[in-house]
Amino acid sequence: ALSHIHTIHYDGKLSVVQVKIATGRTHQIRVHLQDHGTPVYGDDVYGLSDWNKALSSRKGILRPLLHAQRLEIDHPVTGENMVFEAK
């Protein structure tokens, strides 16, 4: 699996990163971000347990905070390139 990770912003604690996936595997983004030293906040499997506990108790968030700004895929039947972008 291959991911290209670019740090857009780092405030000394948290990072905003851009990830481009060259090949896809289950949990790929989460594993590669952990390897990169920027685990996903709220990820119980690949994240930081002390940060996740604080996030849960202070904010009530019980899931990974991983969001896509843009998804680009080929339709599995027609092969048409499809782009979905958050505004």
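Residues numbered from 1 in each chain as written. Predicted model: local features only at pLDDT ≥ 70, side-chain atom pairs only at ≥ 80, totals over all residues. Heavy atoms only, no water.

Undergrad: In this structure, what is going on with the side chain of Asn 52? I would like to understand it.
TA: Looking at where Asn 52 falls in the secondary structure, it is placed in helix 2 (residues 49–59). Discounting residues that sit within four places of it in the chain, Asn 52 has contacts with Tyr 41, Gly 42, Asp 43, Asp 44 and Gly 47. (Helix = DSSP H or I, 4+ residues; strand = E, 2+ residues; numbered from the N terminus. Contact = heavy atoms within 4.5 Å.)

Undergrad: Explain the packing of aromatic side chains to me, please; I cannot follow it from the model alone.
TA: One pair of aromatic rings is described through two measures. These are the centre distance and the angle between the planes. Overall, the coordinates contain one aromatic pair when judged by the stated rule. With 5.6 Å between their ring centres and 75° between their planes, Tyr 41 and Trp 51 make a pair best called edge-to-face. Within this pair, whereas Tyr 41 is found in the loop between helix 1 (28–36) and helix 2, its partner Trp 51 is found in helix 2, the two being separated by 10 residues in sequence. Given a relative accessible area of 27%, Tyr 41 falls into the partly exposed group. (Phe/Tyr/Trp six-rings, centres within 6.5 Å; stacked < 30°, edge-to-face > 60°. Buried < 20%, exposed > 50% of the residue type's maximum accessible area, 1.4 Å probe, protein only.)

Undergrad: Any chance you could explain unusual backbone geometry here in plain terms?
TA: Excluding glycine, a negative phi dihedral is what most residues carry, and trans is how most peptide bonds are arranged. The phi angle at His 27 is positive, at roughly 65°, despite the residue not being glycine. One can find His 27 in the loop between strand 2 (15–21) and helix 1. What makes His 27 partly exposed here is its relative accessible area of 37%.

Undergrad: Would you take a moment to explain the environment of Trp 51 for this structure?
TA: On the basis of relative accessible area, Trp 51 is assigned to the partly exposed category, the value being 29%. Between the C-alpha atoms of Trp 51 and Tyr 41, which are 10 residues apart in sequence, the distance is 7.3 Å. Leaving out residues up to four positions away in the same chain, Trp 51 has contacts with Lys 13, Leu 14 and Tyr 41.

Undergrad: Would you explain helix 2 in this entry?
TA: Spacing of three or four residues puts side chains on the same side of an α-helix, whose turn is 3.6 residues. For helix 2, the complete set of buried residues consists of Asn 52, Ala 54 and Leu 55. Taken down its axis, helix 2 places every buried residue within 160° of arc, on the same side. When the buried face of helix 2 is taken as reference, the exposed residues oriented beyond 90 degrees from it are Asp 50, Lys 53 and Ser 57. One or two steps after helix 2, the chain reaches Gly 60, where phi turns positive at roughly 70°. (Arc of directions from axis to C-beta.)

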